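Breakdown of the fold
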Protein chains: 4
Amino acid sequence: MNEKKISFAADYEEGAHHTIISNLTRTNLLKTAGFCEDEFSEAARKKIRELCGSNDAEIYFMVGGTQANFVVVSALLRSYQGVIAADSGHINLREAGAIEATGHKVLTIPHVDGKISANDVKIFVEQFYENELHEHMVAPGMVYISQPTEYGTIYTLDELRKLSTVCREKNLVLYVDGARLAYSLAYPRNNVTLKNLYELADVFCIGGTKCGAFFGEAVVTRKNFIPHFITTIRQHGALLAKGRILGVQFYTLFTDNLYLKIGRRGIDMADKIRAEIQKQGFELYIDSQANLIFFTLTETQARKLAENISFRVWEKFSAEKVVIRLATSWATKDNEVDVLLTELKRLKFV
Amino acid sequence: MNEKKISFAADYEEGAHHTIISNLTRTNLLKTAGFCEDEFSEAARKKIRELCGSNDAEIYFMVGGTQANFVVVSALLRSYQGVIAADSGHINLREAGAIEATGHKVLTIPHVDGKISANDVKIFVEQFYENELHEHMVAPGMVYISQPTEYGTIYTLDELRKLSTVCREKNLVLYVDGARLAYSLAYPRNNVTLKNLYELADVFCIGGTKCGAFFGEAVVTRKNFIPHFITTIRQHGALLAKGRILGVQFYTLFTDNLYLKIGRRGIDMADKIRAEIQKQGFELYIDSQANLIFFTLTETQARKLAENISFRVWEKFSAEKVVIRLATSWATKDNEVDVLLTELKRLKFV
Amino acid sequence: MNEKKISFAADYEEGAHHTIISNLTRTNLLKTAGFCEDEFSEAARKKIRELCGSNDAEIYFMVGGTQANFVVVSALLRSYQGVIAADSGHINLREAGAIEATGHKVLTIPHVDGKISANDVKIFVEQFYENELHEHMVAPGMVYISQPTEYGTIYTLDELRKLSTVCREKNLVLYVDGARLAYSLAYPRNNVTLKNLYELADVFCIGGTKCGAFFGEAVVTRKNFIPHFITTIRQHGALLAKGRILGVQFYTLFTDNLYLKIGRRGIDMADKIRAEIQKQGFELYIDSQANLIFFTLTETQARKLAENISFRVWEKFSAEKVVIRLATSWATKDNEVDVLLTELKRLKFV
Amino acid sequence: MNEKKISFAADYEEGAHHTIISNLTRTNLLKTAGFCEDEFSEAARKKIRELCGSNDAEIYFMVGGTQANFVVVSALLRSYQGVIAADSGHINLREAGAIEATGHKVLTIPHVDGKISANDVKIFVEQFYENELHEHMVAPGMVYISQPTEYGTIYTLDELRKLSTVCREKNLVLYVDGARLAYSLAYPRNNVTLKNLYELADVFCIGGTKCGAFFGEAVVTRKNFIPHFITTIRQHGALLAKGRILGVQFYTLFTDNLYLKIGRRGIDMADKIRAEIQKQGFELYIDSQANLIFFTLTETQARKLAENISFRVWEKFSAEKVVIRLATSWATKDNEVDVLLTELKRLKFV
């Protein structure tokens, strides 16, 4: 990592929000039970239950996102089932075969702006059951989506409702990976609340790692939806001994609207950058709304930008152009954005 | 958890050593690469390499102990192999079938004081290959031991050397689970150093969770011993996005001998309690040396003790008696021990 | 294999009953659908349904016993569950970790004459749930027994009923491995019929391989008890392309009482041998009823017997003695038994 | 199955070649060791070793093709590895997630006429290692191809050599699935012999099920290439107790050139059909050489043909047309072909 470069490469490059650190410090020497059976974890669950509008919501804390995904898949799918996901989905591409390592196939559907639609799912499932050889094929058992998606787009309430309806009709579990959920919840025109997620998804997770915590994902589901889930979590090495650290972090994130403030900061910074990109005449690759920005540059421009800015080259766009991904976060500083904007202006003359 | 009780139930009931907290706070807003590719993780690796006496030692940081165990097993065993462990071993009893979930059988050998001997392993393997049906049985591929053991006993250098020799003769991986390693390294008469572990084991882990860290295990192995290990770690959800938090913690633990100081505190407190137990005429169940104390009480005495002290009832000893486990740690306070000793004295009249 | 020796080593040393061969030959060039969707398989299912007393019984044909076991376990157990079995059980010892390879732990109970009792299961499950750490342990999800057992003993209807009751109370699947079922069904004092098995077990298999077929096991279960079972069977490589071969074989076995005749022949031969063993003053190790005979010999006697007879040395009995296992079958010839009995008489003078 | 229809739906609709039946009958009551340790299996191995030109070739008999595939994958791949296959490959589409059930991802490459090229594999692997995130992705560990392919095309010796070279350069196992191998070996212009397969592939299988046997696949590999393979085979339920049945069948197939005769019959019938299809002005979809024929019909024509002929509708070709698959085999009769050709002629007027 070039110390002099300013980085927009990822949304997990800093530690934790200072309130989290001070709460961890304050509670450090209290003795508690392990494995998230402590009072902090319980207090965090209470906060999340309120936001979900249900005293019955079950909340399990895990350490990381890949972990949450494969533990949920492993707990809910039977051996003959696979999980439907966008071909751009994190579980299909970036998680080192974690889903397959649990014995399940990822059944991909082409994405549109990172999303899959209720109708695509419906057609996929219907074609599966119409196929006379379907008993020789992996049956769809779950739909996996991310909110926001890998491309920073945000499902609308209407889109989510339709997905939920299809999933219930077709007897599929709907799982929403909210690794960056703060950045959709805080989006001004977002209309999908935690309450909606609780009602429409069967399981969803609230990301901590990319949203201000040191680490941690809160997996939310209905009472008794996943039997013996603690055992499955433990079995996959996903039950933190000092679970209190997860409890304190999520309690803090859901106190005084911190989670939304964190999300809002990331979006505001992203909006500022998106505006400048368009003002300077560059082309947005995706009309994203969350803390991820995708735009195209020529290879020469990309090399120039890389001199002072860290970012991710997402994919080839054309023979000459590449897609650049920038990520902002709760920790993005004003002056970092200023330097980026200056660099973007300079690219016009490259 | 009864707030008024003083707890000796586990060695993971507090947060982290204050030096760790201050180092996490100090480095919090620095931007680093993710997934333990940051400079803090590298600095921690350097410290550990020095103690292992090898620039070639490969060190991987994971979050938890069960995780480290099943990721190592999964990475090293072929489908036809199982892992030899003491029947009292953590992986056999307490990890929710994590090893079996990776597809491998635990092959148990009866323990003596929590240990298995080189000779027991030798006989097990030889009997296996002498069995005419052995091709229809799971082949031993790894030996798993804990240092210290689940019973707080510590392998001597001689015992470890013999185990290592048998493993190399029989082509078995030797894996040492050091979840509580600080409490053996700091034991005054311990003669097994990190350098010995590096030379004699193929893989071992240095526990953070029970030894002063918020969480974390450092898995140490030889260069190229485990190919593509990062991928396997990632696949099992064991690669922390903000790996820096592991780096900072292990760097801190191995700076200024903190790891040994932490271990020593736990042992000193345990020694004080063991002395009093014997002085009061109670019977030690195991002659342990580390931070775990096992002794027997009548059921009535156990109930009495439980009024003011939290502990673990480990198993039945006889019709009337049970085995009690007490755990001390780096965070055990003098006054907690004083209260315990007073309670122990009172038990004589029960 | 010594051509001159007469073998009682196993009950799968010949091909198939001649009626099976003639039926396979007769139907050979008819074209049928694959994967057990043919008319022979359907006819065989009809025969078995009648014997089970239910038109709703679902019957799936697989090739082998290990296969049937692990496909059933894989289809029915969730990731947090294991299977209770006698420590002498085939799935624990002789199937190369097939159960563990599906990700599940075998939870062993000590056997008495190869059996486990309803009460043992009850205590095991109750102690499990009483254990405060049970969420960190593999939960019992299935009980696996064999009828007859590995030791040739036969569960009575009363024993099976009690097991069934406990399993239903404790929410455990009861699976009966009938690899040698013909040899219990044909036992004169046996009181466990296919109808009983269908009512009391959740899943059971009817062995073909050891009971007169070239190969094959029929797995019987209730309608809809195992969803998408064909897919799971296929996934584990257990769905035979030319399923008709299984259909023809099972149709033949259940026509004109062939299955019982086959079983009866094995038992009659075993009874004759057991009588002579006792007459000659040798000690039966187990009072078995089916086609397996266990008795003890000195090492010297065993070596002598091995000169002309093939058998299995099952285990050590004492410093000087070993346990010998003899197996008879549908194909055991009178003159083979005669030679064996003569050899047994000669052993007295060794 | 409509009894009156003539079927070209699959190449596994009959039983076994009559020579196999007579050999099974002749050897039926001989006693042999189990698990393919018998003299017939050994004799079959000797025949195959000769054809492979190596006394060191190791040959393992299994029951089915899906089974052979997933047992080989499970035995050879490490947890971080996946298998490269054509997107049209059997293991990707038709085996119910068998590969994923062993924990491994199928990494697909677009096929050209059912084949993948050495160059495609090379590019795939190089792009993988150039990807900066490749440690977070499943590493290619094996290349899976079929000879002939799912589309009835046949790899040339030159194509196979190039694939082999790339695999060795890139440290990938090359596995050739020969489920229909007789139909490539017997193809007049085929230049890939068993000897070539043994030299160029690391593992390949010789199909019995679709080539005249009741069932069975012979997996061929180099000495010691797969350690403890018997155990892995057993673990996956793929070790037949009465292995002699596999031995007798493969011995028969490789005696008096039966395997080639069987293949030749299938090809001759297919050639006759292909010629007529083109003569009648229908369009071949794929220029296949083996016993599979792919051509296009309008939906109306397909419905008409289905009145008297069974076949597989493979996929949609265009809005009005579908791709039809016909399969011939060793058992296809002249008069069946005659009826088919007559039906094809009638389609012109539809």
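Bear in mind that the values here come from a model prediction, so they are computed numbers and not experimental data. (Residues numbered from 1 in each chain as written. Chains lettered and ligands numbered in written order. Predicted model: local features only at pLDDT ≥ 70, side-chain atom pairs only at ≥ 80, totals over all residues.)

Turning our eyes to something else, we now look at the domain arrangement of chain A. All names here are of chain A. Here the domain parsing of chain A yields domain 1 (6-12 + 259-347) and domain 2 (18-255). On a C-alpha basis, the centroid separation for the pair domain 1 and domain 2 is 27 Å. Facing 19 residues of domain 1, the contacting portion of domain 2 comprises 19 residues. Listing elements by their share of the side of domain 1 that touches domain 2, those giving two or more residues are α12 (258-279) and β10 (292-298). By residue number, the principal contributor to the side of domain 1 that touches domain 2 is α12, which donates 7 residues. Residues that form the side of domain 1 that touches domain 2 fall into these classes: 11 nonpolar, 6 polar and 2 charged. (Domains from an automatic or database assignment. Contact = placed C-beta atoms within 7 Å. Helix = DSSP H or I, 4+ residues; strand = E, 2+ residues; numbered from the N terminus. Nonpolar A, V, L, I, M, F, W, Y, C, P; charged D, E, K, R; others polar.)

Time to look at the interface of chain C and chain D. Often the size quoted for an interface is simply the accessible area lost on bringing the parts together. Listed by partner, the interface residues are 42 residues for chain C and 42 residues for chain D. When residues of the side of chain C that touches chain D are traced back to their parent elements, those giving at least two are α1 (18-26), α3 (65-76), α5 (98-101) and α10 (229-235) of chain C. Here the residues of the side of chain C that touches chain D sort into 20 nonpolar, 16 polar and 6 charged.

This paragraph deals with helix α3 (residues 65-76) of chain A. Residue and element names in this part refer to chain A. Taking 1.5 Å per residue as the helical rise, α3 with its 12 residues ought to reach 16 Å, and the 17 Å between its terminal C-alpha atoms agrees with that figure. With 12 of 12 residues buried, α3 lies mostly within the body of the structure. Taken as a whole, α3 has its buried residues at Gly65, Thr66, Gln67, Ala68, Asn69, Phe70, Val71, Val72, Val73, Ser74, Ala75 and Leu76. (Expected span 1.5 Å × (residues − 1). Buried ≥ 20, exposed ≤ 12 C-beta atoms within 10 Å, placed from the backbone.)

What follows covers the pairing of strand β13 (residues 321-327) of chain D. Residues and elements named next belong to chain D. Among the 7 residues of β13, 5 are classified as buried, and the element is accordingly described as predominantly covered. Relative to β13, strand β10 (residues 292-298) is paired through 7 bridges, and the arrangement is antiparallel. Among the inter-strand pairings, Phe295 is bridged to a residue of β13, identified as Ile324. As judged from the 4 bridges shared by strand β12 (residues 312-316) and β13, these two strands associate in the antiparallel manner. Of the residues in β13, the one forming a bridge with Lys316 is Val322. (Pairing = 2+ DSSP bridges.)

All names here are of chain D. Taken together, the 7 strands give an open sheet; going across it, the order is β2-β8-β7-β6-β5-β3-β4, and neighbouring strands pair in mixed fashion. Each edge of the open sheet carries a strand with a single partner, namely β2 (58-62) and β4 (106-109). Each adjacent strand pair in this sheet contributes to an overall mean axis angle of 25°, direction not counted. Both β2 and strand β8 (residues 217-221) contribute to a ladder of 5 bridges, which runs antiparallel. The partner of Ile59 across the bridge, within β8, is Val220. (Axes fitted to C-alpha atoms, helices over the stretch in contact; angles between N-to-C directions.)

Attention now goes to the sheet that holds β10(D). Residue and element names in this part refer to chain D. Strand order across the open sheet formed by 4 strands is β9-β10-β13-β12, with antiparallel pairing between neighbours. Two strands in the sheet have a free side with no partner beyond their single neighbour: β9 (283-284) and β12. Alignment of β9 against β10, held across 2 bridges, turns out to be antiparallel. The residue bridging Leu284 from the neighbouring strand is Phe295, located in β10. Contacting β9, β10 and β13, helix α12 (residues 258-279) runs over the sheet at an angle of about 25° to β10.

Let's shift gears to the interface of chain A and chain B. With 42 residues of chain A at the contact, the number on the chain B side is 42 residues. Elements represented by at least two residues in the side of chain A that touches chain B include exactly α1 (18-26), α3, α5 (98-101) and α10 (229-235) of chain A.

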